[in-house]
Amino acid sequence: MTEKRPVGPEIPNWTVPPAPDMTPLEGRYVRLEALDADRHAAILFKAFDGHDWVWDYMPVGPFASAAQFHRWMRDETAKDTILFYAIYDKDAGAYGGFASYLRIKPESGSIEVGFIAMAPRMQRTRAATEAMFLMMQWAFDAGYRRYEWKCDALNAPSRRAAQRFGFSFEGVFVQATVVKGRNRDTAWFAVIDKDWPALHEAFQFWLSPENFDAEGRQKERLADLTRLVRRASDPAQNV
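Conventions and cut-offs
Sequence order as written defines the numbering, with residues in each chain counted from 1. Selection of residues for local features in this predicted model requires a pLDDT of at least 70, selection of side-chain atom pairs for listing and counting requires 80 or more, and totals for whole chains, interfaces and linings are taken over all residues. Side-chain numbers come from the whole structure's heavy atoms, not from hydrogens or water. To count toward a patch, a residue needs a relative accessible area above 30% and no salt bridge. Like charges then connect within 9 Å, nonpolar side chains (Val, Leu, Ile, Met, Phe, Trp, Tyr) within 5 Å. Using the Shrake-Rupley algorithm and a 1.4 Å probe, accessible areas are obtained, with residue cover drawn only from the displayed protein chains. Salt-bridge detection follows one rule: a side-chain nitrogen of Lys or Arg within 4 Å of a carboxyl oxygen of Asp or Glu. Strands are runs of DSSP state E lasting at least 2 residues, helices are runs of H or I lasting at least 4, and numbering of each runs from the N terminus. Per-residue accessibility, obtained with a 1.4 Å probe over protein chains only, is compared with the maximum for each type, and a residue is labelled buried under 20%, exposed over 50%, and partly exposed between these values. Here, a strand pair is defined by DSSP locating no fewer than two bridges between the strands. In plain words, nonpolar cores are sets of buried Ala, Val, Leu, Ile, Met, Phe, Trp, Tyr and Cys residues tied together by side-chain atoms within 4.5 Å. We call two residues contacting when some pair of their heavy atoms lies within 4.5 Å. Orientation is described by axes fitted as lines to C-alpha atoms, over the contacting stretch for helices, and by angles from 0 to 180 degrees between their N-to-C directions. Throughout, the term roughly parallel applies to angles under 35 degrees, roughly antiparallel to angles over 145, roughly perpendicular to angles from 65 to 115, and oblique to all others. By convention, the crossing between two helices is left-handed when the near helix turns anticlockwise from the far helix through less than a right angle, and right-handed when the turn is clockwise. In this count, Pro and Cys sit with the nonpolar residues alongside Ala, Val, Leu, Ile, Met, Phe, Trp and Tyr, while Asp, Glu, Lys and Arg are called charged and the others, Gly among them, polar. Here is the rule: rings of Phe, Tyr and Trp (six-membered ring for Trp) pair when centre to centre is within 6.5 Å. Planes less than 30 degrees apart are stacked, more than 60 are edge-to-face, and the remainder are tilted. Counting as a charge over the ring demands two things of the Lys NZ or Arg CZ atom: a distance within 6 Å of the ring centre and an angle within 35 degrees of the ring normal. Here the expected length of a helix is defined as 1.5 Å per residue gap, with one fewer gap than residues.

Peer 1: Where do I start with a nonpolar patch on the surface in this structure?
Peer 2: A contiguous nonpolar surface patch, about 250 Å² in accessible area, is contributed by Ile-11, Trp-14 and Val-16. Tracing the chain through its elements places Ile-11 in the segment before β1 (25-26).

Peer 1: Got a minute to help me understand the pairing of strand β3 (residues 82-89) in this structure?
Peer 2: Remark: a regular strand shows side chains that alternate across the two faces of the sheet. The element β3 is extensively covered by neighbouring structure, given that 8 of its 8 residues are classed as buried. Burial along β3 is two-sided: Ile-82, Phe-84, Ala-86 and Tyr-88 facing one way and Leu-83, Tyr-85, Ile-87 and Asp-89 facing the other are all buried. As paired strands, strand β2 (residues 30-34) and β3 are joined by 5 bridges and run antiparallel to one another. In the sheet register, Arg-31 faces β3, and the bridge partner there is Tyr-88.

Peer 1: Explanation requested: the nonpolar core in the structure shown.
Peer 2: One broad trend across soluble globular proteins is that nonpolar side chains are buried collectively. Among the nonpolar cores identified, the biggest contains 45 residues, and Met-135, Tyr-147, Trp-149 and Phe-167 are the most heavily contacted of them. Per-element tally for this core: the top contributor is helix α3 (residues 126-142), with 11 residues. Leave out the neighbours within four places in its chain, and Tyr-147 touches Tyr-101, Ile-111, Val-113, Met-132, Met-135, Met-136, Ala-139, Phe-140, Phe-167, Phe-189, Ala-190 and Val-191. By size, the runner-up hydrophobic cluster in this structure holds 25 residues, among which are Trp-55, Val-60, Tyr-95 and Ala-119.

Peer 1: Please clarify how the environment of Pro-209 should be interpreted in this entry.
Peer 2: The residue Pro-209 is located in the loop between α5 (196-207) and α6 (222-226) in this model. When the C-alpha positions of Pro-209 and Ala-198 are compared, they lie 19 Å apart, and in sequence the two are 11 residues distant. When near neighbours in sequence (up to four residues on either side) are disregarded, Pro-209 contacts Arg-28 and Tyr-29.

Peer 1: It is not clear to me how the packing of helix α1 (residues 37-48) against helix α2 (residues 66-77) should be interpreted in this structure. Could you clarify?
Peer 2: Relative placement of two packed helices is described by the angle separating their axes and the distance separating the axes. Relative orientation of the contacting elements α1 and α2 amounts to 130°, with a least axis distance of 9 Å. Taken together, α1 and α2 sit at an angle that is classed as oblique. The element α1 and its partner α2 pack so that their crossing is right-handed. Every residue of α2 that contacts α1 at Ala-37, Asp-38, His-40, Ala-41, Leu-44, Phe-45 and Phe-48 is listed here: Ala-66, Phe-69, His-70, Met-73 and Arg-74.

Peer 1: Even after reading the chapter, I still don't get the packing of α3 against α5, so can you show me in this structure?
Peer 2: Viewed as axis vectors pointing N to C, α3 and α5 meet at an angle of 150°, and their least axial separation amounts to 11 Å. Between α3 and α5, the interaxial angle falls into the category roughly antiparallel. Of the two possible hands of crossing, α3 and α5 adopt the one that is left-handed. On α5, the residues that touch Arg-126, Thr-129, Glu-130, Phe-133, Met-136, Gln-137, Phe-140 and Asp-141 of α3 are Trp-196, Leu-199, His-200, Phe-203, Gln-204, Trp-206 and Leu-207. Partitioned by chemical class, the residues of the contact of α3 with α5 number 8 nonpolar, 4 polar and 3 charged.

Peer 1: Would you explain the packing of aromatic side chains in this entry?
Peer 2: For the structure shown, the criterion picks out 31 aromatic pairs. With a centroid separation of 5.6 Å and an interplanar angle of 75°, the aromatic rings of Phe-84 and Phe-98 are classed as edge-to-face. With Phe-84 in strand β3 and Phe-98 in strand β4 (residues 94-105), the pair connects residues that are 14 residues apart, well separated along the chain. By relative accessible area, which is 4% here, Phe-84 ends up buried. Taking the relative accessible area as the measure of exposure, Phe-98 reaches 0% and is therefore buried. When the ring of Tyr-101 is compared with that of Trp-138, the centres are 5.6 Å apart and the planes differ by 45°; the resulting orientation is tilted. With Tyr-101 in strand β4 and Trp-138 in helix α3, this pair connects stretches of sequence that are 37 residues apart. Trp-138 matches Tyr-101 in its accessibility class, with the two residues each being buried. Of note, Arg-31 hangs over the ring of Tyr-88, and the distance from its end group to the ring centre comes to 4.6 Å. Sitting above the plane of the Phe-212 ring, Arg-126 keeps its charged end 4.6 Å from the centroid.

Peer 1: How should α3 be read in this particular structure?
Peer 2: Since there are 3.6 residues in each turn of an α-helix, residues three or four apart along the chain are aligned in direction. In this model, α3 (17 residues) spans 24 Å end to end at C-alpha, consistent with the 24 Å of a helix rising 1.5 Å per residue. Within α3, 14 of the 17 residues are buried, which leaves it mostly tucked inside the rest of the structure. Backbone geometry just after α3 places Gly-143 at a positive phi near 110°.

Here it is, written out as structure tokens:
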């Protein structure tokens, strides 16, 4: 008699989630709206202008002109495989970056957040963190089981950010791709649906006004709140 081999557990009441419909996501500090070249390109070009290092680990950029940036944004937003949000910082009263859903696989319940570019003035702000929270919240509320983050393995700030947001380290894919004529090893991170309830509480606590003093300085670090939720930590980071 053939020995029965192990198989994965059944997923009761599994329903394929919808693709993102890109309705605006509204938070306390930030608003996310579908990226539109005619509305956002000129504003965001000014926000990024003079900070070419923002594009160091991106597959595109830096851009030589506003017109070039507009053409790129127009072409990218016409695709249905990557869906971009423009990020509006309510405290600053200005758009400061964009982020996207990509590698969207509803049939597997998997979706990735990526192609994230934030101007220096938006980095390390409550708005930037809330933007990531809102996109993650939409995915799990919609029924996704797995939420991914991938980055160049040499991009230490992105790896730190992934851990801070509660993503668990899953390894490095060596020689995963070629970007701008250079080798890229890719670090993989993910949050799964079982992680989400505790992460949701951590984000809600960190984003509450009570967690900031009169000068806007945090009292509790988000990394401290998410550390116990992570199933595995990145050995290259001390967060």
